[in-house]
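# Analysis of the macromolecular model
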Amino acid sequence: MSLLEAIVLGLVQGLTEFLPISSTAHLRIAPELFGWPDPGAAYSAIIQLGTVAAVLIYFRRDIVSLVGAFFKGLARREPFGTLESRLAWFVLVGTLPIGLLGLALKKVIETQFRSLYVIAFSLIVLAVVLFVVEKRASHTRTVADMTWRDGILIGLWQALALVPGSSRSGTTLTGGLSLGLKREDAARYSFLLSIPATSLAGIFELKHLLEATTRPSTEALVVGTLVAFASGMGAIAWLLNFLKRRTTLVFVVYRIALGVLLLGLLQASVLKPMSGVENLSTPDAPKNPPVEKQVTD
């Protein structure tokens with residue numbers, strides 16, 4: 001992988017991770033359009049750590065408050081006594097569905113699910129769902145009004161993001177809106193909920209990437225991650241400000257347009273649904289070659 005590829009993919013990751021348009025879809029589509037090999041699910045997960053760092057720094061005060069309240073609640077034997085401690089528990093519980101299903105469906109996610117047909121249909125279907133939810137949502141509740149039910153349901157919505165093209169931020173934002181949260185509150189909670197899931201995915205894939213026989217250079221990984229961090233910081237600030245004044249309609253239109261365009265390119269054979277399949281999963285570590293038996297007369 002060249003540095004140009006690393007920069008472009010890092011930029012794509014950072015800009016699309018927090019917008020409800022699917023970073024996985026764009027990381028799958030971009031190499032195909034440029035004629036580059038698919039970087040694979042492992043590389044995508046590693047550079048996600050750059051966007052995790054962006055969330056940690058941008059929401060550092062919120063995170064310190066939640067972590068502190070969590071442990072104070074345990075120490076006082078009142079784990080749900082404050083809003084901050086409850087939110088911390090909601091994030092933990094909301095992470096369980098995507099964590100368990102991610103482990104169970106890992107092979108399918110890294111192979112069949114990364115078909116461009118799957119991505120195209122996911123882009124379109126979830127756009128329609130977001131549009132319907134946006135129109136019917138009350139937009140009256142805040143994060144302070146969240147309950148255990150809300151935390152669990154948004155966690156289940158997040159698990160839908162295991163299907164490439166769905167968008168983790170898109171599914172959690174949709175889930176929050178469906179429960180009546182204001183757009184900026186739904187987005188804020190979505191960002192906080194992203195931290196455990198994306199961190200665990202990146203760490204898990206890092207182990208496999210280090211054991212692989214072929215992988216992107218350390219330089220490419222570092223550059224991609226740094227670019228993802230910088231662009232991710234900008235995307236967070238922009239989206240929070242945008243949702244205070246606007247609806248999610250622009251993302252609905254973009255998703256549908258991209259999905260339709262993708263289907264058109266696939267039907268015209270400009271793109272192939274599973275090209276680069278050899279790079280979709282992390283290569284296995286080398287195995288010891290079989291020992292040849294010495295033949296004696």
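Cut-offs and rules
- Residues numbered from 1 in each chain as written.
- Predicted model: local features only at pLDDT ≥ 70, side-chain atom pairs only at ≥ 80, totals over all residues.
- Heavy atoms only, no water.
- Helix = DSSP H or I, 4+ residues; strand = E, 2+ residues; numbered from the N terminus.
- Buried < 20%, exposed > 50% of the residue type's maximum accessible area, 1.4 Å probe, protein only.
- Contact = heavy atoms within 4.5 Å.
- Areas by Shrake-Rupley, 256 points an atom, 1.4 Å probe, with all protein chains shown as cover.
- Salt bridge = Lys/Arg side-chain N within 4 Å of Asp/Glu carboxyl O.
- 1 Å grid on protein atoms, 1.4 Å probe; cavity = no way out; pocket = protein on both sides within 12 Å on 5 of 7 lines; lining within 4 Å.
- Points joined across faces, edges and corners; volume = space filled by probe spheres on them.
- Nonpolar A, V, L, I, M, F, W, Y, C, P; charged D, E, K, R; others polar.
- Phe/Tyr/Trp six-rings, centres within 6.5 Å; stacked < 30°, edge-to-face > 60°.
- Patch = residues over 30% accessible without salt bridge, like charges linked within 9 Å, V, L, I, M, F, W, Y side chains within 5 Å.
- Core = buried A, V, L, I, M, F, W, Y, C linked by side-chain atoms within 4.5 Å.

### Topic: the overall build of the chain
Across its full length, the chain holds twelve helices and zero strands. Evaluated residue by residue, the chain yields a buried proportion of 49% over its 297 residues. Pairs at least 24 residues apart make up 81% of the contacts formed inside the chain by residues separated by at least 6 positions. Of the roughly 14,700 Å² of accessible surface on the chain, 66% is carried by carbon and sulfur atoms.

### Thoughts on the environment of Tyr43
Relative to the helices and strands, Tyr43 is located in helix α3 (residues 40–58). Between the alpha carbons of Tyr43 and Leu9 there is a distance of 9.9 Å; along the sequence they are 34 residues apart. Setting aside anything within four residues of it in sequence, one finds Tyr43 in contact with Met1, Ala6, Leu9, Pro216, Ala220, Leu221 and Gly224.

### Regarding the side chain of Thr225
Position of Thr225 among the secondary structure elements: in helix α11 (residues 218–245). The contact partners of Thr225, leaving out residues within four places of it in the chain, are Ile46, Ile47, Leu49 and Gly50.

### Details of the pattern of salt bridges
The tally for this structure, following the rule as stated, stands at three salt bridges. Between Asp62 and Arg188 there is a salt bridge; the shortest N-O distance is 3.4 Å. You can see Asp62 sitting in helix α4 (residues 60–75) and its partner Arg188 sitting in helix α10 (residues 183–211), a full 126 residues away along the chain. With a relative accessible area of 26%, Asp62 lands in the partly exposed category. Between Glu134 and Arg183 there is a salt bridge; the shortest N-O distance is 2.8 Å. Of this pair, Glu134 sits in helix α7 (residues 116–136) while Arg183 sits in helix α10, placing them 49 residues apart in sequence. Of the two residues examined, Glu134 and Arg183, each falls in the buried class.

### Observations concerning the layout of surface pockets
Of the volumes computed, that of the largest pocket is approximately 840 Å³. The wall of the largest pocket is formed by 34 residues, among which Gln48, Ile98, Leu162, Ala197 and Ala201 lie closest to the centre. A per-class count over the lining of the largest pocket returns 15 nonpolar, 13 polar and six charged.

### Re the packing of aromatic side chains
Under the defined criterion, the tally for this structure stands at twelve aromatic pairs. With centroids separated by 5.2 Å and ring planes inclined at 80°, the aromatic side chains of Phe90 and Trp148 adopt a geometry described as edge-to-face. Of this pair, Phe90 sits in helix α5 (residues 83–104) while Trp148 sits in helix α8 (residues 148–159); the two residues are 58 residues apart in sequence, bridging distant segments of the chain. For Trp148, a relative accessible area of 32% puts it in the partly exposed group. Centroid distance Trp238 to Phe242: 4.8 Å. Interplanar angle 20°. Geometry classified as stacked.

### Quick word on a nonpolar patch on the surface
Residues Val128, Phe131, Val132, Leu249 and Val253 make up a contiguous nonpolar surface patch of roughly 390 Å² in combined accessible area. Secondary-structure elements contributing two or more residues to the nonpolar patch are α7 and α12 (249–267). Examining the composition of the nonpolar patch, we find that three residues originate from one element, α7, more than from any other. When you line up the elements, Phe131 lands in helix α7. Look at Phe131 and you get partly exposed, because its relative accessible area is 35%.

### Topic: the nonpolar core
Core analysis: the biggest nonpolar cluster contains 39 residues, and Phe59, Met146, Tyr189, Phe191 and Ile236 have the highest contact counts within it. When residues of this core are assigned to their parent elements, the largest contribution, seven residues, is made by α10.

### Brief notes about unusual backbone geometry
The phi angle at His139 is positive, at roughly 55°, despite the residue not being glycine. Along the chain, the position of His139 falls in the loop between α7 and α8. The residue Ser167 is not glycine, and still its phi comes out positive at about 85°. Its place among the elements puts Ser167 in the loop between α8 and α9 (168–178).

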